Structures are given as C-alpha cells and as structure tokens.
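For reference, the chains in residue letters:
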Amino acid sequence: MIFETANLEANEIYRLLNGGVTPRPIAWISTLSVDGVANLAPYSFFNVASCNPPILWYSQVNPRTGQDKDTLRNLIETKECVVHIVNTQLLEQMNLSCAALPSEQSEFDFAEIESCPSHGVKPLSVKNSMIRYECHLREVIQLSSLSSGGTVVLLDVKSIYVDDRLWQADTGMIDQQQLDSVGRMGGEFYSFTTGLQALKRP
C-alpha cells in the first residue's frame, strides 16, 4: 500500500511516521522556568546531531494550541537543560511526566521523581537516571508553525554524567548490556533492550 502524503491529514501522517520510525530513543528533558519551576518532559524525536562539537537534537511536534511546550519556552528563556536517558526503572515515572500539567506545576512533584543538583547547569537532574547530558541551547529551527509541524532544537553538550556501574574503564565505553535503555514505538508501545546482538563491522 502506498500513501501519498499530499493526500493525507496531519494526524494520518503522524501515525505513519510515529509507527514506522521505530524504535526511537527518548530524551527526558529537564528545564527551569524563569519563575523557578522545574519542568520535565519526554521527547522521542531525538538523537545525536554531531560529535565534534557534541550536539544533540530533539524536535517538538507543535501542539494543536499553537503554543510552544514548556520545555522549548524554558530553553529559549534560560538556555539550559539536562537530557536524561530513560531505562526500565524510570519508565513509569517518565510516562507520568507526559501529563498535561499547568506551567506552574512541576512534573518532578507530580510524578514523585527524585531529583538532585546538576553539575554545571541550573535545571535539576533526575537522580536515578544513569546517563545525563547537560546542555546549552544552540539553535531553534522552526520547520513549520502549523499544528503537528516540527520545531528542531539543537543542544550543545557541556558535560556528560555516566553512572559508575555503566562505565567500562578498560574499553572507554558505556556497558550496553547494563544500560537497559527504553525505546519509543508507535501508539502506546515501548521497546526494551534485553536481547542485544553484537556484530563486527566488515
């Protein structure tokens, strides 16, 4: 079956992209509003944009309200965030942080997420997250202002926290077997990294 995107509604295109481009890593992003409210929200349109310099990107799918989400608004105003990698231990709390809360209410409080100070930025870190990227805002690229349109955000990585239990000093790599990261699928589904297979590159 072929779907011509010019003949589809935005929600139909969303389901075809969201359900096919899988699994997607999840950026659980904490920011701080100018009023001091700690915000935390997950984004699954997310990945590495560059390693030299180190840059992450995520995309906000524009809400129907036409207003930016708290994460982007806070980033534009304060320029800082922490990107957390979600594992199975944090999955339920991450899902709770998707709730549509008023801007003055913190997802840390709502979902009872334990926080800790970050290393070099003001937004709080999720204490039990085993990998955290502290970032400064680099650039915001609005691809479309329409509902379901995309706003791409580039983030300069300033410091990286890796839990000691994951760090393999002999190889200088993160232990993929212990990472236990969670991926986003379509609909309400998630994928788990419990069946890893290593292949040597040719």
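About the criteria used
Residues numbered from 1 in each chain as written. Predicted model: local features only at pLDDT ≥ 70, side-chain atom pairs only at ≥ 80, totals over all residues. Heavy atoms only, no water. Helix = DSSP H or I, 4+ residues; strand = E, 2+ residues; numbered from the N terminus. Pairing = 2+ DSSP bridges. Axes fitted to C-alpha atoms, helices over the stretch in contact; angles between N-to-C directions. Buried < 20%, exposed > 50% of the residue type's maximum accessible area, 1.4 Å probe, protein only. Contact = heavy atoms within 4.5 Å.

S.K.: Would you mind showing me how to read unusual backbone geometry here?
M.R.: Backbone geometry follows two general trends: most residues other than glycine have a negative phi, and most peptide bonds adopt the trans configuration. A cis amide bond, omega -15°, links threonine 22 with the succeeding residue proline 23. Along the polypeptide, proline 23 turns up in the loop between α1 (10-20) and β1 (24-25). One non-glycine residue with positive phi stands out, namely aspartate 180, at about 60°. Here aspartate 180 lies in the loop between α5 (176-179) and β13 (182-184).

S.K.: I'm lost on the sheet that holds strand β2 (residues 27-32) in this one. Help?
M.R.: For sheets, the rule is that strands pair by backbone hydrogen bonds, running either parallel or antiparallel. With respect to topology, seven strands assemble into an open sheet ordered β3-β2-β6-β9-β10-β5-β4, the strand pairing being antiparallel. At either margin of the open sheet sits one strand with a lone partner, and together these are β3 (38-43) and β4 (46-51). Going from strand to strand, the sheet's axes swing by 35° on average, the running direction of each strand aside. In this structure, β4 lies alongside strand β5 (residues 54-61), joined through five bridges in antiparallel fashion.

S.K.: Looking at this structure, how should I read the side chain of asparagine 74?
M.R.: Inspection of the secondary structure puts asparagine 74 in helix α2 (residues 70-78). The class for asparagine 74 is buried, based on a relative accessible area of 6%. When neighbours within four sequence positions are excluded, asparagine 74 is seen to be in contact with Thr31, Leu32, Ser33, Asn39 and Lys79.

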